[in-house]
Amino acid sequence: MSEAVIRKTISQEDMNRFAGLRGARLGTARPAGKGSHHTDPAVAKEAGLSGTVAQALHYCAYVSQLLLDEHGRRWVEGGELEIKFVRPLYAGDSVEVTLTESGADHARVECRNQDGQMLAFGNATLARDE
Amino acid sequence: MEATRTWADIEVGQEFPPITYRVSPEAVRDFESVTGVEHPWHSGGSPYGGAIVPATLPCTDYGLFLSQILPPIVGMHANHRLRLIRPIPVDSDVRVSCRVTDKYQKRNHKYLTMEYTIDDGNGNAYMVNTITMTVDAYILASGVQREQIDE
């Protein structure tokens, strides 16, 4: 059973930049005022969180990276991913994304933090080889 | 207390006018720079005759529509389903169509599900996303206002 892994640490600066990507892409910007629970520790605290949390789609980029590296066209042309998020990733935390083959057309995805706690898990289905 | 739209005002089945934008090479470079992902197909030399967009780059597009029905929220991503049909060429126009497909309360959270499809503007889909997120609070000028949980 083959396994592929990516490990990344996501800083507050990374989270701020990720939050700004969509606005930069579309030429729009978030209205001036408060930040979000991803970018503003005060907002996160007021919302009852212990700190700012990364957007889950931030580290989903690493899931897709592994699937592209391992399976190429079978991922980008007919691949599917279903993932469930169970725990937040906080600023400065590390994420370890593991892709484990589970049959010819399937892979198990797990995302854990630096303490080994599960952040997200799911399954990817790959397009069949022609 | 500020008057604001809340989860209770959301109508399941609501469809939004599509939004079209161009995915530029700069947007791809920015995404790679921020996330640290990189692949030769993102900058050229792919089997598709040119560079392709990282698959999850447009996945945050639900925010374009969420902001039309709610103020900025504090929420957590609960589930995501991504179905890739074909890759998006870099420097092409994409059209995003979105609808609200579900909302419900479970335990101490209120949830919202949105489905959004990204196509080439002519109905040829690139990908379909389904996101389910919690709607826990609203970020207002006066402060963070918690969503009320029905007993």
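What you see is a predicted model, and the numbers here were worked out from it, not measured in a lab.

Colleague: Help me understand the overall build of chain B in this model?
Modeller: The helix and strand inventory of chain B stands at two helices and eight strands. Counting from the amino terminus, helix and strand elements in chain B follow one another as β-α-α-β-β-β-β-β-β-β. C-alpha atoms of chain B, sized along the principal axes, occupy 55 × 30 × 25 Å. Among the 151 residues that make up chain B, the fraction classed as buried is 54%. When contacts within chain B are restricted to residue pairs at least 6 apart in sequence, those whose partners lie at least 24 apart make up 69%.

Colleague: I'm lost on the sheet that holds strand S8 (residues 143–146) of chain B in this one. Help?
Modeller: The strands that make up a sheet pair up through hydrogen bonds in the backbone, lying either parallel or antiparallel. Residue and element names in this part refer to chain B. Ordered in space as S2-S7-S8, the three strands form an open sheet in which the pairing is antiparallel. With partners counted over all chains shown, the strands left at the sheet margins are strand S2 (73–74) and S8, one partner each. Strand direction decides the pairing type here: strand S7 (residues 137–140) and S8, joined by four bridges, are antiparallel. Residue pairing across strands places Ala 137 opposite Arg 146, the latter belonging to S8.

Colleague: Just checking my understanding: could you explain the confidence of the model for chain B for this structure?
Modeller: In low-pLDDT segments, the atomic positions of the prediction should not be examined closely. Chain-level statistics for chain B give a pLDDT mean of 95 and a share of 98% at 70 or above. Reported confidences for the modelled complex are a pTM of 0.94 and an ipTM of 0.94.

Colleague: How do you make sense of the layout of surface pockets when you look at a structure like this?
Modeller: Roughly 170 Å³ of internal volume is contained in the second largest pocket. Forming the boundary of the second largest pocket are 13 residues, of which Ala47(A), His109(B), Asp136(B), Ala137(B) and Arg146(B) lie nearest the centre. Along the lines of polarity and charge, the residues of the lining of the second largest pocket split into seven nonpolar, two polar and four charged.

Colleague: Before we go on, may I ask you to explain the nonpolar core in this structure?
Modeller: Membership of the largest hydrophobic core comes to 75 residues, with the highest contact counts inside it found for Tyr59(A), Trp75(A), Val95(A), Cys111(A), Leu66(B) and Met114(B). When residues of this core are assigned to their parent elements, the largest contribution, ten residues, is made by helix H3 (residues 56–71) of chain A. Grouped together as the second largest cluster of nonpolar side chains are nine residues, Val43(A), Ala47(A), Val53(A) and Val74(B) included.

Colleague: Looking at this model, I keep getting lost on helix H1 (residues 12–26) of chain A. Mind explaining?
Modeller: One turn of an α-helix holds 3.6 residues; hence residues three or four places apart share an orientation. Residue and element names in this part refer to chain A. Taking 1.5 Å per residue as the helical rise, H1 with its 15 residues ought to reach 21 Å, and the 23 Å between its terminal C-alpha atoms agrees with that figure. Where H1 bends most, at Gly 20, the angle is about 35°. Among the residues of H1, those classed as buried are Asp 14, Met 15, Phe 18, Leu 21, Gly 23 and Arg 25.

Colleague: Could you clarify how one ought to interpret the environment of Val76(A) in this entry?
Modeller: Along the polypeptide, Val76(A) turns up in helix H4 (residues 73–76). Residues Val76(A) and Val63(A), spaced 13 residues apart in sequence, show a C-alpha to C-alpha distance of 12 Å. When residues no more than four places from it in sequence are discounted, the contact partners of Val76(A) are Leu68(A), Trp41(B), Tyr48(B), Ile52(B), Leu84(B), Ile85(B), Arg86(B) and Pro87(B).

Colleague: Mind showing me how you'd approach empty space enclosed by the protein here?
Modeller: Counting across every chain of the model gives two cavities of 30 Å³ or more. The volume enclosed by the largest cavity comes to roughly 170 Å³. Every residue lining the largest cavity is counted, 20 residues in all, and those nearest its centre are Ser64(A), Val53(B), Pro54(B), Ala55(B) and Thr56(B). The set of elements that each furnish at least two residues to the lining of the largest cavity consists of H3 and H4 of chain A. Considering each element in turn, the lining of the largest cavity owes the most residues, four residues, to H3(A). The residue inventory of the lining of the largest cavity, partitioned by class, reads 15 nonpolar, four polar and one charged. Of the voids in this model, the second largest cavity is the one considered here, and its volume is about 40 Å³. Along its surface, the second largest cavity is lined by Leu57(A), Cys60(A), Leu81(A), Ile83(A), Thr56(B), Cys59(B), His80(B) and Leu82(B). Elements with a minimum of two residues in the lining of the second largest cavity: H3 and strand S2 (80–85) of chain A together with strand S3 (77–84) of chain B. Residues of the lining of the second largest cavity, tallied by class, amount to six nonpolar, two polar and no charged.

Cut-off values and rules
- The numbers attached to residues start from 1 for each chain and follow its sequence in the written order.
- Labels are handed out in written order, letters beginning with A for the chains and numbers beginning with 1 for the ligands.
- In view of the model being predicted, local features appear only for residues whose pLDDT reaches at least 70, and side-chain atom pairs are presented and counted only at 80 or more, with totals across whole chains, interfaces and linings using the full set of residues.
- Note: side-chain values were computed over all heavy atoms of the structure, leaving out hydrogens and water.
- Counting from the N terminus, the helices are the DSSP runs of H or I reaching at least four residues and the strands are the DSSP runs of E reaching at least two.
- Remark: exposure states derive from per-residue accessible area (1.4 Å probe, protein chains only) relative to the maximum for the residue type, with buried under 20%, exposed over 50%, and partly exposed in between.
- Any two residues whose heavy atoms approach within 4.5 Å at even a single point are treated as in contact.
- Here a strand pair is declared whenever DSSP counts at least two bridges between the two strands.
- Confidence per residue, as judged by the predictor, is encoded in pLDDT with a range of 0 to 100.
- Cavities and pockets were defined on a 1 Å grid built over protein atoms only: a cavity is a set of grid points that admits a 1.4 Å probe from which the probe cannot escape, a pocket is an open set flanked by protein on both sides within 12 Å along at least five of seven lines, and lining residues are those with an atom within 4 Å of any such point.
- Grid points are joined across faces, edges and corners, and a volume is the space filled by probe spheres set on the points.
- For this scheme, ten residues count as nonpolar: Ala, Val, Leu, Ile, Met, Phe, Trp, Tyr, Cys and Pro. Four count as charged, namely Asp, Glu, Lys and Arg, and the remainder, Gly too, count as polar.
- In these notes, a set of buried Ala, Val, Leu, Ile, Met, Phe, Trp, Tyr and Cys residues joined through side-chain atoms within 4.5 Å is what counts as a nonpolar core.
- Between the first and last residue of a helix there are one fewer steps than residues, each counted as 1.5 Å, and that sum is the expected span.
- Bend, in this description, refers to the angle at a residue between axes fitted to the seven residues ending there and the seven starting there.

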